Amino acid sequence: MQLVLASQSPARLDVLRAAGVEPVQYVSGVDEDALAATLPSATPEQLVAALAEAKARTVAAAVADVHPDSVVVGCDSMLAHDGMLVGKPGSPNRARERWVTMGGGTGILLTGHAVVRIQGGVLGDLASGTAQTTIRFGSPSPAEIDAYIATGEPLAVAGGFTLDGYGGWFVDGVDGDPSSVIGVSLPLTRRLLLEVGVSVVDLWAGR
């Protein structure tokens, strides 16, 4: 059985590979901002789950003929900080603003996952859920923030930081599942796979 990752994220791919799975990647093309705009009353948990479901469903419909016996995993992450839900900064100025406010504080990273089972080329069961992980941020200096932004890394990741890259220097600790911070929660994914009738061990490469 093939695992299809509905994401182009290298970090998510690396997490799954390190855990014994060799996924194929497809980009969903889901317009996250447009979808979020249709869900104005959604809770943060509902929003990340809905985005993950949309990505998984879109990719599943696109790959069912190519991967008729597979599971598609969709992911979405956002950071809840200071009463606000933030995604990818997208610009250096916004990334700088976020780090100035986040430094020395904590945030909750919300990770939404959805799994779609494909059997015989037919889309079947879907399971979705969320995970929460507390991030304890360090207090980088203005010069360190500028240097971090200059790497380009924080611009395209949820919350404007990573745990497994340059950003790891500025994270004092994590309370919860570290893999969810990198982009794909292994415990949550395992539980969702079981809900659609798939054991993760059947996805391990070489079995």
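What this report covers is the structure whose coordinates are included nearby.

Cut-offs applied
- Residues numbered from 1 in each chain as written.
- Predicted model: local features only at pLDDT ≥ 70, side-chain atom pairs only at ≥ 80, totals over all residues.
- Heavy atoms only, no water.
- Helix = DSSP H or I, 4+ residues; strand = E, 2+ residues; numbered from the N terminus.
- Buried < 20%, exposed > 50% of the residue type's maximum accessible area, 1.4 Å probe, protein only.
- Contact = heavy atoms within 4.5 Å.
- Lys, Arg positive; Asp, Glu negative; His and termini not counted.
- Charge placed at Lys NZ, Arg CZ, Asp CG, Glu CD.
- Phe/Tyr/Trp six-rings, centres within 6.5 Å; stacked < 30°, edge-to-face > 60°.
- 1 Å grid on protein atoms, 1.4 Å probe; cavity = no way out; pocket = protein on both sides within 12 Å on 5 of 7 lines; lining within 4 Å.
- Points joined across faces, edges and corners; volume = space filled by probe spheres on them.
- Nonpolar A, V, L, I, M, F, W, Y, C, P; charged D, E, K, R; others polar.

A short note on the overall build of the protein
Next, step 1: Secondary structure assignment for the protein yields seven helices and seven strands.
Next, step 2: Looking at the protein residue by residue over its 207 residues, the buried ones come to 44%.
Next, step 3: The long-range fraction of contacts in the protein, counting pairs at least 24 apart against all pairs at least 6 apart in sequence, stands at 70%.
Next, step 4: Here the protein holds 13 positive side-chain charges and 22 negative ones, and the gap between their average locations is 2 Å.

Quick word on the packing of aromatic side chains
Next, step 1: This structure, assessed with the given rule, holds five aromatic pairs.
Next, step 2: The interplanar angle of 80° and the centroid separation of 5.5 Å between the aromatic rings of W99 and F137 together place this pair among those described as edge-to-face. One end of the pair, W99, is in helix 4 (residues 92–102); the other, F137, is in strand 6 (residues 122–137), and 38 residues separate them in sequence.
Next, step 3: Relative to Y148, the ring of W99 lies with its centre 6.0 Å away and its plane at 85°, an arrangement referred to as edge-to-face. Of the two residues, W99 sits in helix 4 while Y148 sits in helix 5 (residues 142–150), which places them 49 residues apart along the sequence.
Next, step 4: Since its relative accessible area comes to 3%, Y148 is described here as buried.

Some remarks on the layout of surface pockets
Next, step 1: Counted as a void, the largest pocket has a volume near 870 Å³.
Next, step 2: Lining the largest pocket are 38 residues, and of these R12, E32, K88, A156 and A158 lie nearest its centre.
Next, step 3: Those elements that provide at least two residues to the lining of the largest pocket are helix 1 (10–18), helix 2 (32–37), helix 3 (44–63), strand 3 (70–81), strand 4 (84–86), helix 4 and helix 6 (178–182).
Next, step 4: Tallying contributions element by element places strand 3 first for the lining of the largest pocket, with four residues.
Next, step 5: Looking at the lining of the largest pocket residue by residue, the class counts come to 19 nonpolar, ten polar and nine charged.
Next, step 6: Size it by volume and the second largest pocket reaches roughly 210 Å³.
Next, step 7: Taken together, H81, D82, M84, V86, R94, E97, R98, T101 and M102 make up the lining of the second largest pocket.
Next, step 8: Residue assignment for the lining of the second largest pocket shows that the elements contributing at least two residues are strand 4 and helix 4.

These figures capture arrangement, not role.
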